[in-house]
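Commentary on secondary and tertiary structure
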Amino acid sequence: ETGEIEHTLLRYRTATEILLGFDNIKLYSFQDDKEVIENLDGYRDTCHFHPNVNRRIFEITHSDDETFLLTSDNYVDRFSDFEDYIYSVDFERFWE
């Protein structure tokens, strides 16, 4: 559907901006983790990860690793980089 990607990205960005306003929330984003998103074997179906991916996410969010932590200082760049990726990636290569 036309504009679906743009609307989805806007919803993510808006939710992120709202949630970052709370001091008691740590917000992580793995949508730009190419190790995960480009490995189709890491998905059980269209919206569920393989248990190994879930374990990795759990371990990262329960450690001092801030690689995927969204902050008011980095979320704009992270979203911008992800948008650039979405519009430039050759999705056909995943089906070869």
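Scroll up a little and you will see the structure.
What you see is a predicted model; the values in this text were computed from it and never measured.

About the thresholds
- Residues numbered from 1 in each chain as written.
- Predicted model: local features only at pLDDT ≥ 70, side-chain atom pairs only at ≥ 80, totals over all residues.
- Heavy atoms only, no water.
- 1 Å grid on protein atoms, 1.4 Å probe; cavity = no way out; pocket = protein on both sides within 12 Å on 5 of 7 lines; lining within 4 Å.
- Points joined across faces, edges and corners; volume = space filled by probe spheres on them.
- Helix = DSSP H or I, 4+ residues; strand = E, 2+ residues; numbered from the N terminus.
- Nonpolar A, V, L, I, M, F, W, Y, C, P; charged D, E, K, R; others polar.
- Contact = heavy atoms within 4.5 Å.
- Axes fitted to C-alpha atoms, helices over the stretch in contact; angles between N-to-C directions.
- Parallel < 35°, antiparallel > 145°, perpendicular 65-115°, else oblique.
- Left-handed = near helix turned anticlockwise from the far one by under 90°.
- Buried < 20%, exposed > 50% of the residue type's maximum accessible area, 1.4 Å probe, protein only.
- Expected span 1.5 Å × (residues − 1).
- Arc of directions from axis to C-beta.

**Details of the layout of surface pockets**
Of the volumes computed, that of the largest pocket is approximately 950 Å³. Lining the largest pocket are 29 residues, and of these Tyr 12, Gln 31, Ile 37, Tyr 43 and Phe 82 lie nearest its centre. Every element with two or more residues in the lining of the largest pocket is listed here: helix 1 (4-19), strand 1 (27-28), strand 2 (43-45), strand 3 (48-49) and helix 4 (75-88). Broken down by element, the residue count for the lining of the largest pocket peaks at 8 residues, all from helix 1. Here the residues of the lining of the largest pocket sort into 21 nonpolar, 6 polar and 2 charged.

**Focus on the side chain of Ser 29**
Inspection of the secondary structure assignment puts Ser 29 in the loop between strand 1 and helix 2 (34-37). In this view, Ser 29 contacts Phe 68, Leu 70 and Arg 78; residues no more than four positions away in its chain are not counted.

**Focus on the packing of helix 1 against helix 4**
Relative to each other, helix 1 and helix 4 sit at 165 degrees, their axes nearing to 11 Å. What the angle tells us is that helix 1 and helix 4 run roughly antiparallel. For the pair helix 1 and helix 4, the sense of crossing is right-handed. Every residue of helix 4 that contacts helix 1 at Ile 5, Glu 6, Leu 9, Tyr 12, Arg 13, Thr 16 and Glu 17 is listed here: Tyr 75, Val 76, Phe 79, Ser 80, Phe 82, Glu 83, Ile 86 and Tyr 87. Counted by class, the contact of helix 1 with helix 4 contains 9 nonpolar, 2 polar and 4 charged residues.

**What about the environment of Arg 56?**
Here Arg 56 lies in helix 3 (residues 51-61). Assessed through its relative accessible area of 24%, Arg 56 is described here as partly exposed. When neighbours within four sequence positions are excluded, Arg 56 is seen to be in contact with Asp 33, Glu 35, Val 36 and Phe 68.

**So, helix 4**
With 14 residues, helix 4 ought to run about 20 Å at 1.5 Å a step, and its terminal C-alpha atoms sit 20 Å apart, in line with that. Of all the positions in helix 4, only Tyr 75, Arg 78, Phe 79, Phe 82, Tyr 85 and Ile 86 are classed as buried. The arc enclosing the buried residues of helix 4, seen along the axis, measures out at 120 degrees, which places them on a common side. Facing away from the buried surface of helix 4 by more than 90 degrees, the exposed residues are Asp 77, Asp 81 and Ser 88. Close packing links the buried residues of helix 4 with helix 1, helix 2 and strand 4 (69-70).

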